[in-house]
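Given next are the chains, with one letter for each unit.
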Amino acid sequence: MSEHDHHHHDHHHSELSETELRVRALESILTEKGYVEAAALDAIVQAYETKIGPHNGARVVAKAWSDPAFKQALLEDASKAVGTLGHVSRVGDHLVAIENTPGRHNMVVCTLCSCYPWEMLGLPPVWYKASPYRSRAVKDPRGVLADFGVSLPKETEIRVWDSTAETRFLVLPMRPAGTEGWSEDQLAELVTRDSMIGTGFPKTPGAPS
Amino acid sequence: MNGVHDMGGMDGFGKVEPEPNEPMFHEEWESRVLAMVRAMGAAGAFNIDASRFYRETLPPQVYLSSSYYKKWFLGLEALLLDKGYISKDDVASGHSVAPAKSLKHGTFSMADVERIMVRGKFGRAAPGPAKFKAGDRVRAKNIHPATHTRLPRYVRGHVGVVERDHGCHVFPDTVANDAGEHPQWLYTVVFDGRELWGPDSDPTIKVSIDAFEPYLEAV
């Protein structure tokens, strides 16, 4: 579509990309047809910006580190266990938590699109949705981890979970040493987004953030 | 379909490049695309597998050179055109010039926003007993459907072990084409790295997919 097709619009075309013009046009069409209320679109964006994010997953991980009964329930049925936490996030039915151990490291990918546990971690970062990660994670996970500056002992099993259905995976990282007696709030501060995807570790106590 | 979206195991895409302090959206229009896709899906214009299929059917060169939200936009526009919710004349003029089509769930309004922040339910009653159980050895079938499927190419023909049973779920291969939900048993199936990538593969790697029962055969 060329610029002059939009001469009837009253905004400054020169400052808008072709994509932006097309997106605006589609929004006009959908609202004019009565399919969507423009205010409802604003509210969706606001909800994504404020209600979801890795703080939800971090609270779940911190609770699992602190409460062995919760951890067991989480590993048995993550949707049900997270549901008992009230307002943490509304995860639906198909969340699976997978535990890292000294012998096994878990890493999550979606090779076919970009499936990701939005309710636990927020919207996925660009790298998670981009071709390098999606193509290499299942064949060369150690190489991918090296891109993140992460290395594991060579005998550690690496289990890659390709999210090919509506199940969503949350990695439960290992609790960092030196956190004995810490509160759940303190522990949650150590839980990074990438540690819950399996491309990073939690922060170390006392290390600069 | 054997499209470029099915990229597990491909080489040549380069390093993963994490972006420090990445913003939620890089351009304002990205957030509008996200909202339109969520709203039109919730209003009943399409299901999640149909929206995936329209992104997969973008020309390969477009798919590979478009950002995530650009793909979402292109897929959404193509889907709405194809299903008659918008017309080429609408798109050409940038406004609604053709009559609207009725939506299954009506106008997406403020009252619907809360509802879509909870994930949909994909579990369904079992139409019959499960064919496989944890511990069973299974082969991913060597099949190449030309339409939407969630069986990635890199496992086809390979043998793995059933690890978990997730119950019965909506079957993407049919629901994407408006051919019904046809619920199927869903399993996590684990493959050894060497089974997938050959004897030179790192022996510590295991890869799992979630596989619908029609994707699998007993070994």
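These notes cover the structure that comes with them.

Cut-offs used in this document
Residues numbered from 1 in each chain as written. Chains lettered and ligands numbered in written order. Predicted model: local features only at pLDDT ≥ 70, side-chain atom pairs only at ≥ 80, totals over all residues. Helix = DSSP H or I, 4+ residues; strand = E, 2+ residues; numbered from the N terminus. Buried ≥ 20, exposed ≤ 12 C-beta atoms within 10 Å, placed from the backbone. Contact = placed C-beta atoms within 7 Å. Pairing = 2+ DSSP bridges. Nonpolar A, V, L, I, M, F, W, Y, C, P; charged D, E, K, R; others polar. Core = buried A, V, L, I, M, F, W, Y, C linked by C-beta atoms within 7 Å. Expected span 1.5 Å × (residues − 1). Arc of directions from axis to C-beta.

Looking now at the environment of Ala78 of chain A. Residue and element names in this part refer to chain A. You can see Ala78 is positioned in helix α5 (residues 78-83). Judged by C-beta crowding, with 25 C-beta atoms within 10 Å, Ala78 ranks as buried. For the pair Ala78 and Val171, spaced 93 residues apart in the sequence, the C-alpha separation amounts to 11 Å. With residues up to four places along the chain from it excluded, the contact list for Ala78 reads Leu95, Val96, Ala97 and Leu170.

So, about the pairing of strand β5 (residues 205-212) of chain B. The side chains of a regular strand alternate, residue by residue, between the two faces of the sheet. Counting buried residues along β5 of chain B, 8 of its 8 residues qualify, which places the element largely inside the surrounding structure. Covered by surrounding structure in β5 of chain B are Ile205, Val207, Ile209 and Ala211 of chain B together with Lys206, Ser208, Asp210 and Phe212 of chain B, the residues of both alternating faces. Bridge count for strand β3 (residues 157-162) of chain A against β5 of chain B is 5 bridges, and the pairing is parallel. Opposite Trp161 of chain A, over in β5 of chain B, you have Ser208 of chain B as the bridge partner. Where strand β4 (residues 184-192) of chain B lies against β5 of chain B, 7 bridges are found, and the strand directions are antiparallel. Bridging from a neighbouring strand, Val190 of chain B pairs with Ser208 of chain B of β5 of chain B.

Before going further, it helps to examine the interface of chain B and chain A. It is common to give the size of an interface as the accessible area lost on bringing the parts into contact. Counting residues at the interface gives 70 residues for chain B, matched by 68 residues for chain A. Elements supplying a minimum of two residues to the side of chain B that touches chain A: α1 (28-42), α4 (68-82), α5 (88-93), β3 (159-169) and β5 of chain B. Looking at the side of chain B that touches chain A element by element, the count peaks at 10 residues for α1 of chain B. Classifying every residue of the side of chain B that touches chain A gives 36 nonpolar, 16 polar and 18 charged.

For soluble globular proteins, the rule of thumb is that nonpolar side chains tend to be buried together. By size, the foremost hydrophobic cluster in this structure holds 109 residues, and its most contacted members are Val36 of chain A together with Met36, Ala39 and Met40 of chain B. Here this core gets 8 residues from one element, more than from any other, and that element is α1 of chain B. Ignoring sequence-local partners within four residues, the contact set of Met40 of chain B consists of Leu30, Tyr35 and Val36 of chain A together with Ala45 and Phe46 of chain B.

Glancing now at helix α1 (residues 18-32) of chain A. The first and last C-alpha atoms of α1 of chain A sit 21 Å apart over 15 residues, in line with the 21 Å expected at 1.5 Å per residue. Among the residues of α1 of chain A, Arg22, Val23, Ala25, Leu26, Ile29 and Leu30 of chain A are the ones counted as buried. Burial along α1 of chain A is one-sided: seen end-on, the buried residues are contained in an arc of 160 degrees. In this structure, the buried side of α1 of chain A is in contact with α1, α4 and α5 of chain B.

Moving on, we come to the environment of Thr164 of chain A. The topology assignment puts Thr164 of chain A in the loop between β3 and β4 (168-172). For Thr164 of chain A, a count of 28 C-beta atoms within 10 Å translates into the label buried. Distance from Thr164 of chain A to Ser28 of chain A, taken between C-alpha atoms, is 34 Å for residues 136 residues apart in sequence. When residues no more than four places from it in sequence are discounted, the contact partners of Thr164 of chain A are Leu112 of chain A together with Arg150, Pro152, Ile209 and Asp210 of chain B.

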